[in-house]
2 protein chains.
Amino acid sequence: MNIGIYGYGNLGKGVEDSIKRNSDMKLAAVFTRRSPASLKLATEGVPVVSADDILCWKDKIDVLIICGGSATDLPEMTPSLAKHFNVVDSYDNHSEILTHFKNTDKSALEGGKTALISCGWDPGMFSLNRLYAGCIIPDGNDYTFWGKGVSQGHSDAIRRIEGVIDARQYTVPVEEAVDRVRNGEAPEFTARDKHKRECYVVAEEGADKERIRREIVTMPAYFEPYDTTVHFISAEEMKANHAELPHGGSVIRTGRTGLGDSHKQVIEYKLTLDSNPEFTGSVLVCFARAVSRMAERGDFGCKTVFDMAPADLSSQPREEIIAHLL
Amino acid sequence: MNIGIYGYGNLGKGVEDSIKRNSDMKLAAVFTRRSPASLKLATEGVPVVSADDILCWKDKIDVLIICGGSATDLPEMTPSLAKHFNVVDSYDNHSEILTHFKNTDKSALEGGKTALISCGWDPGMFSLNRLYAGCIIPDGNDYTFWGKGVSQGHSDAIRRIEGVIDARQYTVPVEEAVDRVRNGEAPEFTARDKHKRECYVVAEEGADKERIRREIVTMPAYFEPYDTTVHFISAEEMKANHAELPHGGSVIRTGRTGLGDSHKQVIEYKLTLDSNPEFTGSVLVCFARAVSRMAERGDFGCKTVFDMAPADLSSQPREEIIAHLL
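Residues numbered from 1 in each chain as written. Chains lettered and ligands numbered in written order. Predicted model: local features only at pLDDT ≥ 70, side-chain atom pairs only at ≥ 80, totals over all residues. Heavy atoms only, no water.

J.: Which residues make up the packing of helix 4 (residues 125-136) of chain A against helix 4 (residues 125-136) of chain B, and what values go with them?
T.: Axis separation between helix 4 of chain A and helix 4 of chain B bottoms out at 13 Å; the angle between their running directions is 175°. On the basis of their axis angle, the class for helix 4 of chain A and helix 4 of chain B is roughly antiparallel. Of the residues in helix 4 of chain B, those touching helix 4 of chain A at A:Met125, A:Leu128, A:Asn129, A:Tyr132 and A:Ile136 are B:Met125, B:Leu128, B:Asn129, B:Tyr132 and B:Ile136. Taken together, the residues of the contact of helix 4 of chain A with helix 4 of chain B break down into 8 nonpolar, 2 polar and no charged. (Axes fitted to C-alpha atoms, helices over the stretch in contact; angles between N-to-C directions. Helix = DSSP H or I, 4+ residues; strand = E, 2+ residues; numbered from the N terminus. Parallel < 35°, antiparallel > 145°, perpendicular 65-115°, else oblique. Contact = heavy atoms within 4.5 Å. Nonpolar A, V, L, I, M, F, W, Y, C, P; charged D, E, K, R; others polar.)

See the structure below:
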């Protein structure tokens, strides 16, 4: 299976790492909007191609994994590329997913291609677990906790404050809240009850740290609804202790069954990830296998993780899966 | 959707409870090999029918959920009923699943029906999570821990010992082993390292308790490979404290990604169930919805949970799922 990577940031590199670990896959090319000569891949002998030339690769790519940003890249890229390629993206703007779905569906159907949007872990594996758990236990409540992990959006928001050189924001679930849910309670939470935010900031020399701190903790939507702590650290400390991109979290559903709702049932799916982009990339790669199979069967148009039969994700033959995993 | 229940033990009752919680479903009839008059259902106005008359219901049942035992019932029942009905079973004899699959596939294809075997939580949701996690992280290890929960097979084994009136066996995961796995280690375990067994026994008056204890802890396969503790209790205590059927457990995959395998990734799916049969019944019911849809599409033959597109489990329309769960 020949895979193309479109965009070579953290996520693209995560996809590249995962392709190497799947023996039925091959990285065919990396496409970039930067100067191809400026990129040094981790895989030997793979061409780096200008994004402008991508249509020349129409017959050499089975699935193109689009590793762009959700804010401005993917809403354009995915529908436009889905006309010519089977594609997978990780579009994560939850409130706009239906629009993105419809745009991509139209293009993919026109081109006779299969497109999978909003793949990864949230949206993605977390969504799947919300669906499965909700179908099994209709009378219940869903809870999603994120972290402990680096939120790139929140880190970027801090970096835009005057006097800030660098910043890293960790989203941290409130343990007491997680414990109440695991215990089968059905509490109603505010944003503040569920998560807190820890910020590590490198400030310019002489900057007013109290003003920076205040600007962070009062920032609407990003920080104001949460308990936020701000630590000022040196650039060296940032590099030494905060260079990684860990993340994770839990999707928990609690509900009731039985006469008189007498029995609590708790379902939890939990991720503890040293590297968010490498995990996300790994999810995209195994779903790319399923996209390729659906395309071969003529099942075109836009799909979500909900449409993918689990067996299609696996490189193993069906009898093997039944004998060893069921 | 008209659902039939074949067999009205703990699992059949769990299925009945779940059907009430799904507004698109209706319990059409309960089929039994016992005298129909001896059964009192929890649902008003539903006929109890002798298993001998089941073929008269061919056109009135969309999916038949077969709630028989895996040892002797299901290997016969499922292939034979799959000729005439769309069916779901919870066959859990892991080493014989492929044989059961082939027998059921043949019948279902002959009858133009859709059959789902080995549904529930293990096999079932645990199997799905082993598949998903293994596809995402190919370089890793799987661990399944069961409990704390009642094992019916082990309880029955104790009851067969001379001098034993009643018994309840709890399978208990060894917490230190679970913690090591959650921590991303990749240990190799013996059976004893992973689980211990706690037995509560009501003995006949005057029975030799030390002999009973020894017969339990030395029983090959069932208890000998584990650290087993035996508590002798009164019949009243058994009834008061051990009447429920809780269970659960965790499927954990740990693996590595990144250059030099530098990043640990841990995926855990965890169930904490007050009632094992009610949870299993709830899983069977939502998968019955998917079976009905596949049958409507003409997708006949034997299926496993790996073949079922998650969206087919849900009563909600596709756009709702995309907008609210993705």
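J.: Please set out the nonpolar core residue by residue, giving values where relevant.
T.: Within the largest apolar cluster, 152 residues are counted, with the highest numbers of intra-cluster contacts made by A:Phe287, B:Leu64 and B:Phe287. The residues contacting A:Phe287, other than those within four sequence positions of it, are A:Leu116, A:Cys119, A:Met125, A:Leu128, A:Val305, A:Met308, A:Leu313 and B:Tyr132. (Core = buried A, V, L, I, M, F, W, Y, C linked by side-chain atoms within 4.5 Å. Buried < 20%, exposed > 50% of the residue type's maximum accessible area, 1.4 Å probe, protein only.)

J.: Which residues make up the interface of chain B and chain A, and what values go with them?
T.: Each partner contributes to the interface: chain B provides 69 residues, whereas chain A provides 68 residues. Surface buried jointly by chain B and chain A totals about 6100 Å² across both partners, of which 60% is contributed by carbon and sulfur atoms. The tally of links from chain B across to chain A stands at 8 salt bridges. Of the charged contacts, one joins B:Glu319 and A:Lys102 as a salt bridge, the two residues approaching to 3.8 Å between their closest N and O atoms. Where chain B packs against chain A, one counts 43 residue pairs in polar contact (both at pLDDT 80 or more). (Buried area = accessible area lost by both parts, 1.4 Å probe. Salt bridge = Lys/Arg side-chain N within 4 Å of Asp/Glu carboxyl O. Polar contact = N/O pair within 3.5 Å; in protein donor to acceptor, adjacent residues only side chain to side chain.)

J.: Help me get a handle on the environment of A:Gly301, residues and values and all.
T.: All names here are of chain A. Mapped onto the elements of the fold, Gly301 is located in strand 14 (residues 301-303). Relative accessible area serves as the criterion here: at 1%, Gly301 is assigned to the buried category. Each C-alpha atom, one on Gly301 and one on Gly111, is 8.8 Å from the other, the two residues being 190 residues apart in sequence. In this structure Gly301 touches Asp105, Ala108, Leu109, Lys113, Thr114 and Ala115, once residues within four positions along its chain are discounted.

J.: Please give an account of the sheet that holds strand 4 (residues 63-66) of chain A that cites residues and values.
T.: All names here are of chain A. Here 7 strands make up an open sheet; going across it, the order is 3-2-1-4-5-6-14 and the pairing parallel. Of all strands in the sheet, those bounded by a partner on one side alone are strand 3 (48-50) and strand 14. Two elements, strand 4 and strand 5 (residues 87-88), share 2 bridges in a ladder whose sense is parallel. For Leu64, the partnering residue across the bridge sits in strand 5 and is Val87. Along the sheet, helix 1 (residues 10-20) contacts strand 1 (2-6), strand 2 (26-32) and strand 4; its crossing angle with strand 1, the most-contacted strand, is approximately 165°. (Pairing = 2+ DSSP bridges.)

J.: Could you give me a rundown of the sheet that holds strand 7 (residues 140-146) of chain B, with the residues and numbers involved?
T.: The 6 strands are arranged 7(A)-12(A)-13(A)-13(B)-12(B)-7(B) in an open sheet whose pairing can be described as antiparallel. Only two strands of the sheet have a single neighbouring strand rather than two, namely strand 7 (140-146) of chain A together with strand 7 of chain B. Across the sheet, the mean angle from the axis of one strand to that of its neighbour is 10°, orientation sign disregarded. Where strand 13 (residues 263-273) of chain A and strand 13 (residues 263-273) of chain B come together, 9 bridges link them in antiparallel fashion. Across the sheet, the residue bridging to A:Tyr269 is B:Tyr269, located in strand 13 of chain B. Sheet strands in contact with helix 4 of chain B are strand 13 of chain A together with strand 7, strand 12 (247-257) and strand 13 of chain B, and its direction is about 5° off that of strand 12 of chain B.

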